[in-house]
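Residues per chain are reported as follows:
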Amino acid sequence: MQDLPLGHRRRGRSSVGLRAIGLRGLRGRARAEAECRGQRHRQQTLLRTQTHRRGPSNAIRRARPSASVRAQPTRTRAARASPVPQARQPQPLRLCPMSSQAPVVTRFAPSPTGHLHIGGARSALFCWAFAKAQPDGGGGGGGRFMVRIEDTDQARSSEESARGILEDLAWLGIEWDDGPMLEVSRLSEPGSASTSGDRPAVRVIGANARPVGPYFQAQRVPIYARFLNQLVDSGRAYPAFETNEELEAKRKAAVAAKQTYRYDRAAYQQFPTPAARRDRMKQADTHGEPYVIRFHAPSEEIVVRDQVLGDVRIAAGELDDFVIRKADGFPTYHFAVVVDDETMGVTHVMRAQEHLYNTPRHVALQKALGFRTPVYAHMPLIFNPDGSKMSKRDKAKAARKAVKDAMGKDPAITPRSLAMSVGADAKNLADFIAGENDSLDIAATLARHFNIPLPEVEIYDFRNSGYLPEAIVNFIALLGWNPGMKQSDGKDLEKFDLAFLARHFSIERIGRSNAKFDRAKLLSFNGDYLQQLSDDEFTRRFIAWCRDSQPATAAALERQFAANLPALIRMAKPRAKVLRDVLKVIEFALVPDDQLAFDSAAVQKSLRANNDEGLGILKRFAPVLESVEPFTPDALHTAMETFAARELPADPAGKSNLGKLAQPLRVAITGSGVSPPVHDSLACLGRARAIVRLHRCLEAAQAR
RNA sequence: GGCCCCGUCGUCUAGCCUGGUCCAGGACACCACCCUUUCACGGUGGUGACAUGGGUUCGAAUCCCAUCGGGGUCACCA
C-alpha cells in the first residue's frame, strides 16, 4: 500500500467529519520520483515550456454500416444512424472486453487541480452507479468503482485538491472500492445522531484490495516507463527534440498556407531504428538534454464504439504523432490513462463528451501496446443557463459585475478606493476588475463586501450554501440520465436516491444532448428533501452545516437557542430551501434586543396607521404576553386568539381579526412586517426577550 | 476554419429503436385563484415545445435527406 490515507485540512471545514491523519506533499513525492530517475534538469525544462494552441485536426466521422454493433440492449440511435438495413446482422457483442470472469470496473479519474466540479461529480456518480448496478455474480457483488488521481501535471496538481475532491465525493455518498484511502468521521453522517455506540468514530473509504494501486499517477511513473520502452523497442514511439519555437514556426507556416497542421514526423525520420533512438535517448539523458517521446500513429482507420453515441470513426492517417511523455519525464494524459486503465483492469470508461476526441488516440495506443479496449460511453456536457461552460470563472464574472454595477451607481467608487475598503492589493484588484485575473479570493472578498451571492459551480460551493448531498445526487443524476419510469400516480419518476441508482442505472438511458444546469430546479429539489427530514434530523443537519460553514454563528446559536431549538426549527424549517436560509429566517432573533431596527414602512402601516391603532392594541396585549403560561408556540397562539376574539372589533365581513394583533406584534418583536408566525417567533425569543422587545417598541413610539 | 456530436414547452425531460392510442405527458420556473396573522408552505387551474424545409407512408415528434441552429475538439492540460 503506497498511498497514504488522506485526512482533512481544508480551511473552515474542521467539522465536516473528515479528519487529518498522515500527509505528505504530493508534489514533493512526485518530484522525488522524477529525481531518483535522474531527471531533475527536465523538471526545470518545464519552466520554459509553452503550450500550443494549434494542433492536428482529426477527421472523425460517424459510423454507418456497422453502427449496430454494440452491447446489448442495442441502443436506438445507433440503429437509426445506420441507413443500411443489413447492418443489423448479428455481430459479436462484448459487454466486457476483458475476460468473461473479470468484474466490471469503472473509474473516476480527476485531475487534482481544484475542487470537484458539478460535471465531475456527475461523471463519478454515473461510473459508480454503473458499477453498482452490475448483477451480483454470486461472488463479489456487482462491479467495482475505482478512483484514480491524475496528477501528472506537476505545475497544477496539489494534494490539497486531491483530498478536497475525495472529501466531496464522500460527502455525496459516492464511495470507491479501489483508490486512495480517506478517513471520514462518522459523526457527520446521516442517521448517526449520537456519538455513543461501539462503532469507531471514523472509518476509511478506499482500499487496494485487488490490488492495482498506487492510485496516484505520479507514483506510477516506473510502470509507464516500462510500456514506454516497449513502444520504443517496437518502433511505435520515438524521441523528438524540437523546441517549442520550432514547432510553433511550423504550425504558423501551415496556418498561413491554409493547411491543417500536423506534426511532420521529422524526429522519426531522423533516427530510423529503435536502436538508434535508444542510443540518442541515452545520450540525451546523460547530458540532461530535454526531449519528448512521441507516439507513431497508425495509418489505419480507428473505430471508437461508443455506447451512447454509436460508432465514431477516424480516417486513416488523421491522427498525428502526439506526445506521450513530456520533457519533465511524466507521461501525458493519453499515455497514463491507457496504461492505467489496462493495468488497473478498467472495463468501462464513462466520461464527458469533451473527451470523445481523445478516444481514438487511446484506442490506437491500446492496439500498439497489445491492450484490451474498454467499453466507452461519452456523456453529454453540462452548461450554464446562458449556454456557457460552467466554470469557476463564473464566480469572478459575478463579482466583477457587482463591482461595475456599484461603480455605475456611485462614481466615487474606484478600484483604488475599493481596494482600500476591502483591504486588497490595489493592483490585483484593478487587474481583477479589468478581467486580467480571475482570483477566487478577490471574488469572494468582493462578494462579501457587496453582499452578493457567488454562483455555485463546485460541489464545495453547494455544500457551503446548505444543499443536501441527496438533493444534489438526485438532481445531477437527471442531467443526462432518466429512469424512464412512472410513479403510481402516473407522473414521471424523478425523485430517487443512490440505492435506486445502484439498482436501475443503465448506459442505455443516458441522453445524447447537452443539458443546462437549472439552479431553480435544484433549489426546489433541495427544499423538498429538507422538508422530508424529521425535525430532529433537520436540526442535526443544520447544526452540522452551521458549525462547518459559519462557526461563529453556530457558537452564538448554540448559546442562545439551546432551550428553544424546537421552536426555532418549527419556524425555520418550512421556510428553508437550503440550510443557509435558516439563518435568514432567525436573523431577527440573533440581533441583541437593544439593537433591533424597525422598518419604518412596517411601523407606519401596522403601528401608526389609524391613529396609532396598532400601538394601542399592543399596550393592551402586553399584560397577556407577560402572563402566558407556558411560553410555547401553542399556548401563545391560543392566548392571541383569545385576546383577539375578546378585545378586537369583529371584521364586518366576519373575517378573522387576529391580524390586528399579529401584525403590530410582529413589527414590535422582529422589527419587520415579514417574519415567521408571531407565536413561533415569540417562543423562539423566550418570554424575557419578547417582553423587553415589546416594551422597547412601545417606548420608542412614545418618545416621538 | 477542419473534423465530430447534438436539436421535444423558458429549463430538465418522457415519448423516437418497434410510425397510428400524442391537436405530445411530467417536473422546475411563470401566471391566476384558493388557504392564510405577514412571508413561506399547501391546494386548484392555466400559458407553454416536436428547429426549418423536403421526402417515404393511408398516416411521422417517431424513418430518410438537406438546411439552419447549438456544442465539442484541434497542447510537452487533463
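Residues numbered from 1 in each chain as written. Chains lettered and ligands numbered in written order. Predicted model: local features only at pLDDT ≥ 70, side-chain atom pairs only at ≥ 80, totals over all residues. Heavy atoms only, no water.

**A word on the nonpolar core**
Grouped together as the largest cluster of nonpolar side chains are 100 residues, with contacts concentrated most on Phe-145, Leu-169, Ile-324, Phe-335, Met-350 and Leu-501. In terms of residue count, the dominant contributor to this core is helix H4 (residues 118-132) (10 residues). Ignoring anything within four residues of it in the chain, the contact list for Met-350 reads Phe-126, Cys-127, Phe-130, Ala-377, Met-379, Phe-505, Ile-507 and Ile-510. Among the nonpolar cores identified, the runner-up in size contains 63 residues, and Leu-579, Leu-648, Ile-691 and Leu-698 belong to it. (Core = buried A, V, L, I, M, F, W, Y, C linked by side-chain atoms within 4.5 Å. Buried < 20%, exposed > 50% of the residue type's maximum accessible area, 1.4 Å probe, protein only. Helix = DSSP H or I, 4+ residues; strand = E, 2+ residues; numbered from the N terminus. Contact = heavy atoms within 4.5 Å.)

**Quick word on helix H14 (residues 426-433)**
Among the residues making up H14, those that are buried are Leu-429, Asp-431, Phe-432 and Ile-433. On its buried face, H14 is in contact with helix H12 (393-409), helix H13 (415-422) and helix H15 (440-450). A positive phi of about 85° marks Gly-435, the residue just after H14.

**A word on the environment of Ala-218**
Considering the arrangement of structural elements, one finds Ala-218 in the loop between strand S5 (202-205) and helix H6 (221-233). Relative accessible area serves as the criterion here: at 2%, Ala-218 is assigned to the buried category. Residues Ala-218 and Gln-259, spaced 41 residues apart in sequence, show a C-alpha to C-alpha distance of 37 Å.

**Side note on the pattern of salt bridges**
As enumerated under the stated definition, the model contains 46 salt bridges in all. The residue Arg-540 makes a salt bridge to Glu-537 at a minimum N-O spacing of 3.1 Å. Here Arg-540 pairs with Glu-537, and both are found in helix H20 (residues 535-549), just 3 residues apart, close to one helical turn. Assigned by exposure class, Arg-540 and Glu-537 land together as buried. Here Arg-570 and Asp-634 are joined by a salt bridge, their closest N and O atoms 3.3 Å apart. Linking Arg-570 in helix H22 (residues 565-572) with Asp-634 in helix H26 (residues 633-647), this pair joins segments that are 64 residues apart in sequence. Arg-570 gets classed as partly exposed once you look at its relative accessible area, which sits at 37%. (Salt bridge = Lys/Arg side-chain N within 4 Å of Asp/Glu carboxyl O.)

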